[in-house]
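Architecture at a glance
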Amino acid sequence: ANHGPVYGLDAELKAKRDASYDPQLENEAKTFISANSGVQINDFHEDLKSGVALCKMFNKFYPGKISKINTGKMPFIQMENIGNYLDACKAAGIPVTDLFQTVDLFEAKNLNQVVLHILTFK
């Protein structure tokens, strides 16, 4: 969802996040997800925001732990997949500090945190 331009402190924080984004780390994360999910990741945000690739990747390492992977295109369905993935990560013992928020991925609010999470998961 587009919430319009950001101002003040929010703009400063966004600029700081954008400046710390490393395309090389993104490529490493895309390669890892593609290799372990069976889903080709070309555009990091667009190809991951449905949550399907993340759920498939998780199930490769923890078979059957995410029993329902929704393939619908509705936003709430896709956000449910991301939520299921994050819940499964918590249940597997991944520290909450290494996770991201659903909006970080779905709305591309903080893709840097998503990349760092994938590299930690790896």
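Summary of the structure given here. Predicted model, so just to flag it, every value in this text is computed and none were measured.

Here we look at the pattern of salt bridges
Applying the stated criterion to the full structure yields 3 salt bridges. When the shortest N-O distance is used, the salt bridge between K30 and E26 registers 3.4 Å. In this pair, K30 and E26 are both assigned in helix α2 (residues 23–37), 4 residues apart and thus about one turn of the helix distant. Salt-bridge contacts for K90 lead to D87; the nearest nitrogen and oxygen are separated by 3.8 Å.

As for the packing of aromatic side chains
Tallied over the entire structure, the rule returns 8 aromatic pairs. With a centroid separation of 6.1 Å and an interplanar angle of 90°, the aromatic rings of F58 and Y85 are classed as edge-to-face. A residue pair is termed long-range when its members are at least 10 positions apart, and F58 in helix α4 (residues 52–61) and Y85 in helix α5 (residues 75–91) qualify at 27 residues. Between F58 and F121 the ring centres are 6.0 Å apart and the planes differ by 45°, which places this aromatic pair in the tilted class. With F58 in helix α4 and F121 in helix α7 (residues 111–121), this pair connects stretches of sequence that are 63 residues apart. Residue classification places F58 among the buried positions, given a relative accessible area of 1%. Taken together, the aromatic side chains of F32, F58, F61, Y62, Y85, F100 and F121 make up a single cluster linked through ring pairs. The lysine or arginine in question, K49, covers the ring of F106, its NZ or CZ lying 5.3 Å from the ring centre.

With respect to the nonpolar core
Within the largest apolar cluster, 27 residues are counted, with the highest numbers of intra-cluster contacts made by I33, L54 and Y85. Looking at this core, the elements that each hand over two or more residues are α2, α3 (44–48), α4, α5, α6 (102–106) and α7. When neighbours within four sequence positions are excluded, I33 is seen to be in contact with G38, V39, I41, F44, L48, A53, L54, M57 and I118.

Conventions we followed
Residues numbered from 1 in each chain as written. Predicted model: local features only at pLDDT ≥ 70, side-chain atom pairs only at ≥ 80, totals over all residues. Heavy atoms only, no water. Salt bridge = Lys/Arg side-chain N within 4 Å of Asp/Glu carboxyl O. Helix = DSSP H or I, 4+ residues; strand = E, 2+ residues; numbered from the N terminus. Phe/Tyr/Trp six-rings, centres within 6.5 Å; stacked < 30°, edge-to-face > 60°. Buried < 20%, exposed > 50% of the residue type's maximum accessible area, 1.4 Å probe, protein only. Lys NZ or Arg CZ within 6 Å of the ring centre and 35° of its normal. Core = buried A, V, L, I, M, F, W, Y, C linked by side-chain atoms within 4.5 Å. Contact = heavy atoms within 4.5 Å.

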